[in-house]
Amino acid sequence: MSTERRAPLDRRKVADTALKLLNEVGLNGLTLRAIAKELDVKAPALYWHFKDKQALLDEMATEMYRRMMAGASLAPGDTWQERLLKANRGLRAALLGYRDGAKVFSGSRFTALVHAEAQEDNLRLLTGAGLTLAQAVRALTTTFVYTLGFVTEEQGVQPLPGERREGYDLEERARMMADFPLAAQAGAELFADFDRHFEEGLALILAGIEASYRPKPA
């Protein structure tokens, strides 16, 4: 009989296993039972750490954010525009690293203060540019919600880089919508070239922030 001792189970280990399994089975297939099987434990063992699936998703979102910030390249000298661009490009890249990453992140709450330092720094930068605290919060949340929604739709078409769900063939869509020529042509703007479209949408929001709140020039 083996005397090798198994490493103790903790929340981060469960979340790490869940994130690995997520890319294989997607959010719908990610059950506590499946995670327990991957960890070679009984499902009830997980309930010592997570009361339900949402609690697990909260921990997964926290771990995703922790990993994202570990690779962040935010600089003290960033302008407010540079900071919002970097933060949201980084968020999109992090979410695209996981199947259904945006769905996991959406509506989850962090289980630790992993976001507090960056949030404080971002708010300080924006208020230093002349925005009120309320305006700074609105600027941050509007760009965040845009990115989260954009990636949710993007992953509905391309669950992972290189994959494409059935039903999103642009030529077939154009043939089916031949009686609606503008809507047919819009397919290329809706379901392709996501990098360019993300950047264009983000630039529109930043232009709106500048026009509405008139922050100080850099």
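Keep in mind it's a predicted model, so treat the numbers as computed, not measured. (Residues numbered from 1 in each chain as written. Predicted model: local features only at pLDDT ≥ 70, side-chain atom pairs only at ≥ 80, totals over all residues. Heavy atoms only, no water.)

*Asks:* Now, about helix α11 (residues 194-213): what can you tell me, with residues and values included?
*Replies:* Given a rise of 1.5 Å per residue, 20 residues ought to cover 28 Å, and the 28 Å separating the end C-alpha atoms of α11 matches this to within 8%. What α11 keeps buried is the set Phe194, His197, Phe198, Gly201, Leu202, Ile205, Leu206 and Ile209. Buried positions along α11 lie against α4 (80-96), α7 (133-157) and α10 (187-190). Looking one or two residues past α11, Arg214 carries a phi angle of roughly 50 degrees, positive in sign. (Helix = DSSP H or I, 4+ residues; strand = E, 2+ residues; numbered from the N terminus. Expected span 1.5 Å × (residues − 1). Buried < 20%, exposed > 50% of the residue type's maximum accessible area, 1.4 Å probe, protein only. Contact = heavy atoms within 4.5 Å.)

*Asks:* Talk me through the packing of aromatic side chains; I want residue IDs and the actual numbers.
*Replies:* Across all of its chains, the model carries 8 aromatic pairs by this definition. Ring centres of Phe150 and Phe194 lie 6.2 Å apart, and the angle between their planes is 85 degrees; on these two criteria the pair is classed as edge-to-face. In this pair, Phe150 is assigned in helix α7 and Phe194 in helix α11, connecting sequence segments 44 residues apart. Like Phe150, the residue Phe194 is buried in the burial classification. Ring plane angle 65 degrees and centroid distance 5.3 Å describe the contact between Phe150 and Phe198, whose orientation is recorded as edge-to-face. Of this pair, Phe150 sits in helix α7 while Phe198 sits in helix α11; the two residues are 48 residues apart in sequence, bridging distant segments of the chain. Assessed through its relative accessible area of 15%, Phe150 is described here as buried. One aromatic cluster in this structure is built from Tyr65, Phe105, Phe110 and Phe144. (Phe/Tyr/Trp six-rings, centres within 6.5 Å; stacked < 30°, edge-to-face > 60°.)

*Asks:* Please set out the nonpolar core residue by residue, giving values where relevant.
*Replies:* Counting residues in hydrophobic clusters, the biggest one holds 34 residues, and the most contacted among them are Leu22, Ile35, Leu56, Met60, Leu95 and Phe105. Counting residues in each nonpolar core, the second largest holds 20 residues, with Trp80, Leu123, Leu125 and Phe150 among its members. (Core = buried A, V, L, I, M, F, W, Y, C linked by side-chain atoms within 4.5 Å.)

*Asks:* Give a description of helix α6 (residues 116-128) that names residues and reports values.
*Replies:* Quick reminder: α-helices carry 3.6 residues per turn. Residues three or four places apart thus point the same way. The end-to-end C-alpha separation of α6 is 18 Å, in line with the 18 Å expected for 13 residues at 1.5 Å each. Every buried residue belonging to α6 is among Ala118, Asn122, Leu123, Leu125 and Leu126, and all of these are buried. Projected down its long axis, α6 shows its buried positions confined to an angular sector of 160 degrees, all on one face. Buried residues belonging to α6 abut α3 (53-70), α4 and α7. With its phi angle positive at about 110 degrees, Gly130 sits one or two positions after the end of α6. (Arc of directions from axis to C-beta.)

*Asks:* How would you sum up unusual backbone geometry? Please name residues and give values.
*Replies:* Of note in the backbone geometry, Asp100 takes a positive phi value of approximately 60 degrees without being a glycine. Structurally, the position occupied by Asp100 is in the loop between α4 and α5 (101-105). One non-glycine residue, Asp193, lies in the positive phi region at around 55 degrees.

*Asks:* Kindly report on the packing of α6 against α7, identifying the contributing residues and their values.
*Replies:* At their nearest, the axes of α6 and α7 sit 9 Å apart, and the two run at 120 degrees to each other. The angle between α6 and α7 places the two elements in the oblique class. Remark: the crossing between α6 and α7 carries right-handed chirality. Taking contact as the criterion, the partners of Asn122, Leu123, Leu126 and Thr127 in α6 are, on α7, Leu133, Ala136, Val137 and Leu140. Class assignment of the residues belonging to the contact of α6 with α7 gives a composition of 6 nonpolar, 2 polar and no charged. (Axes fitted to C-alpha atoms, helices over the stretch in contact; angles between N-to-C directions. Parallel < 35°, antiparallel > 145°, perpendicular 65-115°, else oblique. Left-handed = near helix turned anticlockwise from the far one by under 90°. Nonpolar A, V, L, I, M, F, W, Y, C, P; charged D, E, K, R; others polar.)

*Asks:* Requested: an account of the UniProt feature "domain: HTH tetR-type" (unreviewed entry) in the chain, with residues and values cited.
*Replies:* In the UniProt entry, the feature "domain: HTH tetR-type" (unreviewed entry) is given for residues 8-68. Spanning residues 8-68, this segment combines 70% helix with 0% strand, and its end C-alpha atoms are found 26 Å apart. (UniProt positions renumbered as here; feature names shortened; annotations may be inferred.)

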